[in-house]
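Okay, here's what each chain looks like letter by letter:
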Amino acid sequence: MEYRRSGDTILARIDKGEEILTQLRLIAETEHIRLAHVSALGATNDFTVGALNTDAKAYVSNRFRGDYEIVSLTGTITTMNGAYYSHIHMSAGNETGTVSGGHLNSATVSATCEMVIRIIDGTVNRKYDPDTGLNLFDFSE
């Protein structure tokens, strides 16, 4: 992985064999990012995404292997209890154009991943919400 920072924007190239969320965290911690918007595209051959079962307040995960193009990866970097926290969704299409996606648990790059991280001034913390079972933006501070 290599990246370049220009003002409040980071352009990153995540390379073949690297796991996307691991590299995102490495960039965020190296650059001391507390709040940002993330977007990316690229290719993956092994990814796991989930969908929230709202009644159970738990994610159901699905793993996909094969040749996939990342058609959309979007999310946020925030903090929870003062520590790094990311919330990323991804969708990827296979050779027939069938797209699968959801909350990103992991994704290994098969060719390249081009990521843009837009740093936002300030901090937004997260707080667990027992009603939804999610860690939601907390604007009380």
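Keep in mind that what you see is a predicted model, and the values were worked out from it rather than measured.

Q: A description of unusual backbone geometry should follow, citing residues and the corresponding values.
A: Despite not being glycine, His 32 shows a phi value in the positive range, around 55°. In this structure, His 32 sits in the loop between α1 (20-30) and β3 (36-53). A relative accessible area of 66% places His 32 in the exposed class. Here Lys 57, not a glycine, exhibits a phi torsion of approximately 55°, which is positive. Within the secondary structure, Lys 57 sits in the loop between β3 and β4 (58-80). The exposure class assigned to Lys 57 is partly exposed, which follows from its relative accessible area of 37%.

Q: Describe the pattern of salt bridges, naming the residues involved and giving the relevant values.
A: A complete count under the given rule lists six salt bridges for this structure. The closest approach of N and O atoms between Arg 13 and Glu 2, which form a salt bridge, is 3.1 Å. Of the two residues, Arg 13 sits in strand β2 (residues 9-15) while Glu 2 sits in strand β1 (residues 2-6), which places them eleven residues apart along the sequence. Under the relative-accessibility criterion, Arg 13 is labelled partly exposed at 36%. Judged by relative accessible area, which is 51%, Glu 2 ranks as exposed.

Conventions we followed
- Residues numbered from 1 in each chain as written.
- Predicted model: local features only at pLDDT ≥ 70, side-chain atom pairs only at ≥ 80, totals over all residues.
- Heavy atoms only, no water.
- Helix = DSSP H or I, 4+ residues; strand = E, 2+ residues; numbered from the N terminus.
- Buried < 20%, exposed > 50% of the residue type's maximum accessible area, 1.4 Å probe, protein only.
- Salt bridge = Lys/Arg side-chain N within 4 Å of Asp/Glu carboxyl O.

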